[in-house]
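Spelled out from the first residue to the last, the chains are:
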Amino acid sequence: MTREIGTELPLQQQESVVIRFAGDSGDGMQITGNQFTGTSAGVGNDLATLPDFPAEIRAPAGTRPGVSGFQIHFGSSEVHTPGDAPDVLVAMNPAALAVNLSDLKPGGIVVVNTGNFKETDLKKAKLERSPLGDGSLEGFRVISIDINERVKKALEDSPLSAKDVQRCKNFWTLGMMYWLYSRPLEPTMNWLATKFAKRPELVEANQKALQSGFNAGDIHEMFQGRYEVPACDVMPPGTYRNIMGNPALGLGLMAGSELAGLDIFLGAYPITPASDILHQLSGYKHYGVVTMQAEDEIAAICAAIGASYTGYLGMTATSGPGLALKTEAMGLAVAVELPLVIIDVQRAGPSTGMPTKVEQADLLQCVFGRNSEAPMPVLAASTPSDCFDIGIEACRIAVQYMTPVVVLTDNYLANGSEPWRLPKLEDLEPFEVEFRTDPEGYQPYSRDEKGARPWVKPGTPGLEHRIGGLEKEHLTGNICYDADNHELMTNLRHNKVMAVRDSIPTPEVFGPESGDLLVVGWGSTLGAITGAVDRLQKKDASVGRMHLRHLWPLPAGLDEIFSRYKAILVPEYNMGQMARILRSEYQSHSFHSYPKVQGKPFTTTELMHKITGILES
């Protein structure tokens, strides 16, 4: 049984808190963060998370490159970002402390596991002196605990080896943080029972460590008080679950295929941070989902195109380096005019770059990065839960316009999480596909009002036709090298993609309808932009914000919106790619590019400083 929450210490109400768990990549910081996240969502807090882990499967233990972190911002009011700076830093070793200390708020709490601060630990972290005694922690509230020893004592009767006992220290730490922020133990207790159901000794040990850490808050009087962050009361009513971007996108793709009346075929090659989409969809084979882990990226997309030819909704998921390999086949999908959903979970580059860090630098590759004229719609999700909606929208455009569609997310969205209100099924509008079966008057490259050609399953009597990468003759689909025909077909393919604009809304402007500055974002910059602009609007700043989810073609009405502001600021995680597109499409407006390529998301504070600087100038 879990212990009742004590009342000995004063309980302080807080509107929001930012906690960062940091330790070695083998210390279980991602599990710890995810459990704290799920529990906080369960008690009704709004939240946003930022997992930050090494790209290496096993970086050297105790070193700075091996530090794994997980930041969560949870609150009783609306939360837009994982937080600018932690209120609390939990550091499991010297390297974790050294890497993360500069981010901590002045006066913040540092919880340090002194059990890992031996001379050898300091040497691995490239520290000449211990931060615990050199004055570098002055200005912070330091809670020094030998967690290694506490776990050893708590589990002294456990049959586990000494090494396995130490693997439970993340749950001891989690229990202590549950006590400090008045979180219930039951959700994690139940998770442990399910996770290690076949290893009862692991269930018992981790549950005991969790309870012991919780009890330590009262028994050892390490803290001056406890905190409570009430449930968020501004979120719309409904049923919520905590969700990360990759799982949300997988569910959205399945919902989109269901609304189209089709089965899914996903061809993919494992790549960080997109692999989870393949993992997730492979578990839904009983729902008409077929997945194939291909031998390479090219095989993956070509198999998906072949599946679309047979009447499946073909999909492929990758990241930037993999997208580069898929480029030729993407052109093939444009030429044969078959529906295809291409997911690009962006990461920092170039080449293999920083696989676990955030960037938005694949935009120009997705819009223009193919040989010849090969247009296709490009969409971008803005939050982890928006990945669900963007998956449905990509399926809709792909089947209604018979075109490949690119969906852009990024590492920040893929592994970040937030509460997601489950949609009502009756609110999801179907866009069911009708395959052509009537041979009378059939022309393989005739077009409907959207510019889409008919979709015919192979083997349909009387509807035999030719597909392939060579140029098609208008209507017949026969191979044709005529100059005028090539220009006609090029224009038809272009016009079809640009016609997508007719089925998408003009983005909403939040704030004044006209003024000094409009902040235009896309993708995962939404949270930081929203936080910064909302704060400045409360100070009566003449600034509005607008977020783009359809990146190509751009929605109608943008020119008129831009004309109402003196300047437009475009923050993005690249060297100004969207700003470059907007400048080329809307040449009469003043666009300010604000690039960031550090592998880290914008903070609300730095965006506020940038906006304020433009307003003052």
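Keep in mind the model is a prediction, meaning the values are calculated, not measured. Throughout this description, residue numbers start from 1 for each chain and increase along the sequence as written. With pLDDT at 70 or above as the cut-off, local features in this predicted model cover only qualifying residues; side-chain atom pairs require 80 or more to be listed or tallied, and sums for whole chains, interfaces and linings still use all residues. The side-chain numbers reported here are obtained from all heavy atoms of the structure, hydrogens and water having been left aside.

Participant: What am I meant to see in the side chain of Gln360 here?
Facilitator: Take Gln360: it is sitting in the loop between strand S13 (340-346) and helix H13 (363-368). By definition, residues are in contact when any of their heavy atoms lie within 4.5 Å. Aside from chain neighbours lying at most four places away, what touches Gln360 is Gln346, Asp410, Trp522, Gly523, Ser524, Thr525, Glu572, Tyr573, Asn574 and Gln577. Secondary structure follows DSSP: runs of H or I at least 4 residues long count as helices, runs of E at least 2 residues long count as strands, and numbering of each begins at the N terminus.

Participant: Just to check I follow, could you spell out the sheet that holds strand S21 (residues 591-595) for this structure?
Facilitator: One key point about sheets: their strands pair by backbone hydrogen bonds, in either a parallel or an antiparallel sense. Two strands qualify as a pair provided DSSP detects at least 2 bridges between them. As summarised here, the arrangement of the 4 strands in space is S18-S17-S20-S21, forming an open sheet in which the pairing is parallel. Edge strands, defined here as strands with exactly one partner in the open sheet, are strand S18 (543-548) and S21. Sheet twist, expressed as the mean angle between neighbouring strand axes with direction ignored, is 25 degrees. Across 6 bridges, strand S17 (residues 515-522) lies against S18 in parallel orientation. Note on S18: the bridge partner recorded for Leu517 is Val543. An axis is simply a line fitted to the C-alpha atoms; with a helix, the fit covers only the stretch in contact. Between two such axes, the angle follows the N-to-C directions and lies from 0 to 180 degrees. Running at roughly 145 degrees to strand S20 (residues 565-572), helix H19 (residues 577-585) makes contact with S17, S18, S20 and S21 of the sheet. The strands that helix H20 (residues 604-616) touches are S17, S18, S20 and S21; relative to S17, the one it contacts most, it runs at about 145 degrees.

Participant: Hey, could you run me through the pairing of strand S5 (residues 88-91) in this one?
Facilitator: Regular strands place their side chains on alternate faces of the sheet. Here's how the labels work: a residue is buried when its accessible area is under 20% of the maximum for its type, exposed when over 50%, partly exposed in between, all with a 1.4 Å probe on protein chains only. Of the two faces of S5, both are covered, the one formed by Val88 and Val90 as well as the one formed by Leu89 and Ala91. Here 4 bridges tie strand S2 (residues 16-24) to S5, and the two strands are oriented parallel to one another. Each bridged residue has a counterpart across the sheet, and for Arg20 the counterpart in S5 is Leu89. With 4 bridges joining them, S5 and strand S6 (residues 109-113) adopt parallel strand pairing.

Participant: Whenever I open this one, unusual backbone geometry confuses me. Can you help?
Facilitator: Glycine aside, residues mostly have negative phi, and peptide bonds are mostly found in the trans state. Thr272 connects to Pro273 through a cis peptide bond whose omega is 5 degrees. Along the chain, the position of Pro273 falls in the loop between strand S10 (264-268) and helix H10 (275-281). Of note, the amide linkage connecting Trp552 to Pro553 takes the cis form, showing an omega dihedral of -5 degrees. Phi angles above zero are rare outside glycine, and Ser372 is one such case at about 65 degrees.

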